[in-house]
Amino acid sequence: MHSERASGAGEHGADELAGSGYGERAETYLRLLAEAALRPAADVHSDEVRRAADILVDAGVLSYELATQIVAGMQLALRVRGRTEARTATRRLRRLVHYPPGQQTFKLGGQQHPWRVLPAGPATPGSRLMALITTANRAIAPVTLYFPPDAGPPESGTPPFASLTGTDDQGTSYRLGFGDGTWTGGAWTGPVIFLPAPPATARWLAIISPHGQLLRADLAATPRRDASPRAAIEPATESPGERLLARKAEALLASYTKSYAVDRDLGLAEVAAVLERAGALSPLSPVHARLTALKQLLGLPADGPAGQIPARWMAVIAAYGRRRRPAPVAGTAAIGAGLPELDGARLVIAGLHSGGSGTFLHLVVAGLGPLPARRPDGPPWDAGFSWWVRDDLGGWHLGVFEDVSPAGGPEGLLRIALLPPLSHPTSSLTVEIAGATQQVTADLPVKW
Amino acid sequence: MSWFDSLPAAETAVPCGTGTHTVRWEGGLLTLPAHPDAEAELVLGALGGERPACIALAQTWAGHADDLAVLTAGPRSAADRVSVDWSEIAELRAKLPSGLAQMTSMLRMSATVTPFIRHSGPQAGTQAAQPAGHSGPVSRLGAAGMEEVLRRQLRQVELLELLALGAEFQFRLAGTVTAAWAGPDRAAERARRRPELSGVLTGRFALAARDWAGVDPDAVTVTPHEGDGWGTLEISGTGRSRRLRAALPLGWLAEVWAGGLAVVDGHLVVAVEQPGYPLARVLAIAAPDAEPTSVEVRATGSLAGGLMTWTL
């Protein structure tokens, strides 16, 4: 039997990080820490190893598989020494408990079928399509469906999905699936899945209710396979440790908006220490001073010299510090933009929906790291990406992963909350997404 | 000259059938005195006959002879006691789906087992039969994920089984694994597994360095040494900032550490020049500021935690 080994660096940009030496240093650090935890009367508790594994996976410098393998090896070694240390499940290990070992949620296969991204046409009265994304065997349409009053009582718990059918101009019937969505008084916003994928000859798809056509998606539009012409992808300029701490800072910001229950401490000191020891963060990095300044501003205990807070962080703090905040704009807008592959993830921004509960971007994704099916209580998810959005008035909005649901294949449907919500119907959005090794900036037209 | 030349034979008793049988390790090989024609019993087992536990154990030993997980679970020093009870193994085996262990062993049997069993009977032309159509319990489980989970469970049970052989065998298996990885033909693989091998080396050498010079084991880092010579060793700092950095060939674990030679009468052994039992010649460092010198060591004939003890 040859020794088994999981791949080295994290799910996102594994090759790049392993090649840059981050992966090897991180693995060596974790293995030496596990060795220290095994020694009798060790200063290192096995929980410390588990937390360090969590942090290194979050930073993208160690794959989930390899981290699991190292921790499992340590657990077995403790067991055969009669040491059954009480342990607390770490955040990532706990939340992934229902996934088989090493499974990557919505993993990209070896042979990737190109997605066709069809932008929605001009808005018409009634239901609103954000975009239609055709994959290998299905079409996914994030939409807002308006049900006529006689379709059922608006206060009912679920929309009358069972009465809906899918068809096209050739009379073909489609099975319809409905992802997680929001249902407010006769309007439902979420993804509709058409099965199978429509043939190339189909001119339009429609959702039919007993009271008539609810939505029509035009398939004759020119497909936009690639990102907007004004999308630029480039290598990450910060270290993986700086990336992770920036995302932790964003989690603190999300906490400040009071939309999410975030542990106010977030264990930032331990995170920084692990990243430094594992070679993923320089002790001289300016991110330390930025975090200190942010914590001071948010009234959290902070040590060390404070630096300048980035303007976009300040924009979020300022927006939520106002006594009266503008109400979120109401409506559904189409975007329909496929972004260049980012750290192994495919992302299509279908559109956005905004209303009383906030503004949410709707995406079709594949190749993301493991994510839970439901947002648990606690800090926002860290899916390995930092999301920032700028509206046409220059206002910054932090993107926070709200929920993700499967679409039946390798694709997932992702909803990202914008903090603060949009307060006006912006005509464009500039999206900045930073992964572990790459970042992309895209200018996207928004059609309400 | 082999890595195991400084190791005497070892024996232990294992449950087999309704009784216990002796398993013997000698000269790098596992032998089954109670099963003089192990190969024939292997073939019968592959054809559906009953496979004695001793035979299965020999297969398991061979199957893990280059499995680095052995080093993760196994002992780091004579004082590091690793203990597994045979009753625990029986319980874990009983929880595995019926036939899984046998099938998995059969699938890999012919390729890996024969070099590690000393043959008493005919040796030529014995090939294990493959299960017809692979239609056993593994394939019936369907989902690849479930199959993988079961495979890992089986691997863990096998590992525990090998550890249940006791300390003497644990060190000899660790030596077998590291010797398998130390050859010049595996330099590229070693380069890919450098962090893992650093952990394996550091975990063991750090305890030897503590016994030798009182260095805090947490302050020791060892990296695999490739190329000529025994490697390097450097101690820096004082007090709490005292650090030891070393580069040692992976073969140090097989030739020195597994033979109980890591520290002999206050000397840190960095290489074996002439292996042997009960006499061997080693390269040893008397003190942190000293250079390695060639010295002769003699086995005392007594064991400490499964490791042979030596004296200058």
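For the structure, check the block above.
Everything numeric here is computed off the predicted structure, so don't read it as measured data. Chains are numbered independently. Their residues run from 1 in the order of the written sequence. The naming scheme follows written order: chains are lettered A onward, ligands numbered 1 onward. For a predicted model such as this one, the threshold for reporting local features is a pLDDT of at least 70, and the threshold for listing and counting side-chain atom pairs is 80 or more; totals across whole chains, interfaces and linings nevertheless cover every residue. The side-chain values count all of the structure's non-hydrogen atoms but skip hydrogen atoms and water molecules.

(A) Here's a closer look at the environment of A:I208. All names here are of chain A. Here I208 is to be found in strand 9 (residues 204-209). Using a relative accessible area of 25% as the deciding quantity, one classes I208 as partly exposed. Distance from I208 to A417, taken between C-alpha atoms, is 30 Å for residues 209 residues apart in sequence. Labels follow the DSSP assignment, with helices taken as runs of H or I lasting at least four residues and strands as runs of E lasting at least two, numbered in each case from the N terminus. Classification of residues uses two cut-offs on accessible area relative to the type maximum, computed with a 1.4 Å probe and protein chains only: under 20% is buried, over 50% is exposed, and between them is partly exposed.

(B) Seen up close, the interface of chain B and chain A. For this analysis, residues touch if any pair of their heavy atoms sits within 4.5 Å. Opposite the 46 residues of chain B that make contact, chain A presents 23 residues. For any pair of parts, buried area is found by adding up, for both, the accessible area (1.4 Å probe) each one loses once the two are put together. Summing both sides of the interface, chain B and chain A together bury roughly 2800 Å²; the carbon and sulfur share of this comes to 50%. When the area that chain B buries against chain A is broken down by residue, the three leading residues are B:R193, B:P195 and B:D218, summing to 18%. Whenever a carboxyl oxygen of Asp or Glu lies within 4 Å of a side-chain nitrogen of Lys or Arg, that contact is scored as a salt bridge. At the junction of chain B with chain A, the criterion picks out 6 salt bridges. Between B:R76 and A:E35 there is a salt bridge, with the nearest N and O atoms lying 2.7 Å from each other. Whenever a nitrogen or oxygen atom comes within 3.5 Å of another N or O atom, the pair is scored as a polar contact, on the condition that within protein one atom can donate a hydrogen and the other can accept it, and that pairs from neighbouring residues in sequence are kept only if both atoms are in side chains. In this assembly, chain B and chain A are joined by 7 residue pairs in polar contact (both at pLDDT 80 or more). Only helix 2 (53-63), helix 3 (69-73), helix 4 (86-95), helix 5 (100-112), helix 7 (144-163) and helix 10 (194-213) of chain B provide two or more residues apiece to the side of chain B that touches chain A.

(C) Molecular detail of the pattern of salt bridges. Counting across every chain of the model gives 23 salt bridges over all chains. Between B:E226 and B:R190 there is a salt bridge, with its nearest N and O atoms 2.7 Å apart. On the criterion of sequence distance, the pair formed by B:E226 in the loop between strand 4 (220-224) and strand 5 (232-236) and B:R190 in helix 9 (residues 187-192) is long-range, its members being 36 residues apart. We note a salt bridge from B:D211 to B:R210, for which the minimum N-O separation is 3.4 Å. Of the residues examined, B:R210 reaches a relative accessible area of 36% and is grouped as partly exposed. A single network of salt bridges, built from pairs that share partners, joins A:E27, A:R31, B:R193 and B:E196.

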